[in-house]
Amino acid sequence: GRFGLFACLPLPDVDGALHEIEYAFDTLKADGVGVMTSFENKWLGDPVFAPVLDELNRRKAVVFVHPLACESCRGIQPLITEATVEYGTDTTRAIASIVFGGAGKRFPDIRFIFSPGGGTLPLLLGEKVVGFVGSSARHHELGPIALALVKRNVDLGAELVVDGMPAAQEVVVDPEIGLHVRPLR
């Protein structure tokens, strides 16, 4: 159909998550599941979550991962929202826990979607970041799609790649808008 369903897993409750996976996929026919980047200062690659990852891998599941600010980093800079720095950083922590903890190799059939756009990893790996992926999904006719914002100084003919796949730009805001406006001081 046109719309899909992702079920939320009640992590860090591993047994509850296993029951929810069974119900979501077998009864609700969910398209995937959603989880957070961390739970009680444990990230997705932590061995405590191995039974959940094993079942998701067996089902070749799509897992949408939404960021949090980890408990030890909440409110440490009162003038900066957690979303500004910590969401990207916690996404990076989650990815690092999967990659460096070996879960990526042990569970190769899980298809992860990380919001926002891979955290800080593209910068750390030397990729040129020209925007961010706000969300991504598999469209029933178009295949993998991503909704993204791209900086206006990126040439429309530039080759773009999202998660290793070619991407295209579509202008939705006239590039001339706002170029001659000066901010109020």
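Here's what I pulled together on the structure shown here. Owing to the predicted nature of the structure, the values given are computational and were not obtained by experimental measurement. (Residues numbered from 1 in each chain as written. Predicted model: local features only at pLDDT ≥ 70, side-chain atom pairs only at ≥ 80, totals over all residues. Heavy atoms only, no water.)

## What to know about the nonpolar core
This is how the line gets drawn: Put simply, a nonpolar core is a bunch of buried Ala, Val, Leu, Ile, Met, Phe, Trp, Tyr and Cys residues held in one set by side-chain atoms that sit within 4.5 Å of each other. When a residue's accessible area, from a 1.4 Å probe over protein chains only, is under 20% of the maximum for its type it is buried; when over 50% it is exposed; and in between it is partly exposed. The helix and strand labels rest on DSSP assignments: H or I over at least four residues marks a helix, E over at least two residues marks a strand, and numbering proceeds from the N terminus. Two residues form a contact once any of their heavy atoms are found within 4.5 Å.
The biggest cluster of nonpolar side chains holds 26 residues, and the ones touching the most others in it are L9, L11, V35, V52, L56 and V63. Secondary-structure elements contributing two or more residues to this core are α1 (14-27), β2 (32-36), α2 (50-58), β5 (62-66) and α3 (82-100). Ranked by residue count, the leading element in this core is α1, at five residues. What L56 contacts, discounting residues up to four positions off in sequence, is L9, I21, F25, V33, A61, V63 and I110.

## Some remarks on the sheet that holds strand β6 (residues 111-114)
Keep this limit in mind: DSSP bridges decide pairing: two strands pair if at least two such bridges lie between them. In this description, a line fitted to the C-alpha atoms serves as the axis of each element, helices being fitted only across the stretch in contact, and the angle between N-to-C directions of two axes falls anywhere from 0 to 180 degrees.
Judged by pairing direction, the sheet is parallel, and its four strands sit side by side in the order β1-β2-β5-β6 without closing on themselves. Bordering the open sheet on either side are β1 (6-8) and β6, each of which pairs with just one other strand. Here the strands of the sheet are splayed against their neighbours by 30° on average, with no regard to which way each runs. Pairing between β2 and β5: four bridges, direction parallel. Bridge assignment links V35 to a residue of β5, and that residue is V65.

## A few points about α2
Buried within α2 we find V52, L53, E55, L56 and N57. Its buried side turned inward, α2 meets α1, β2, β5, α4 (103-106) and β6. Residue K60 follows α2 closely and has a positive phi angle near 50°.

## Remarks on α1
Helical geometry note: an α-helix holds 3.6 residues per turn, so side chains three or four residues apart project in the same direction. As a reminder of what qualifies: A helix is expected to span 1.5 Å for every residue after the first. What the arc covers is the set of directions going from the helix axis to the C-beta atoms. Nitrogen and oxygen atoms within 3.5 Å of one another constitute a polar contact, given that in protein one can donate a hydrogen and the other can accept it, and given that sequence-neighbouring residues count only through two side-chain atoms.
For α1, spanning 14 residues, the distance from its first C-alpha to its last is 19 Å, which sits close to the expected 20 Å at 1.5 Å a residue. If you check which residues of α1 are buried, you get V14, G16, A17, I21, A24 and F25. End-on view of α1: buried residues confined to an arc of 145°, all on one side of the axis. Pointing more than 90 degrees away from the buried face of α1 are the exposed residues D15, H19 and T27. Each element contacted by the buried residues of α1 is listed here: β1, β2 and α2. One side-chain oxygen of the residue at the start of α1 lies 3.4 Å from the amide nitrogen of D15, identifying that residue as D13. Note on α1: the residue one or two positions beyond its end, K29, has a positive phi of about 60°.

## Here we look at the packing of α1 against α2
Selection criterion: When describing relative orientation, an angle under 35 degrees is termed roughly parallel and one over 145 degrees roughly antiparallel, while 65 to 115 degrees is termed roughly perpendicular and anything else oblique. The hand of a helix crossing depends on one turn: near helix anticlockwise from the far one by less than a right angle means left-handed, and clockwise means right-handed.
In the contact formed by α1 and α2, the axes pass within 9 Å of each other and the chain directions differ by 15°. Between α1 and α2, the angle is such that the two are roughly parallel. Between α1 and α2 the crossing geometry is right-handed. Side by side, α1 and α2 meet where V14, A17, L18, I21 and F25 of the first sit next to P51, V52, E55 and L56 of the second.

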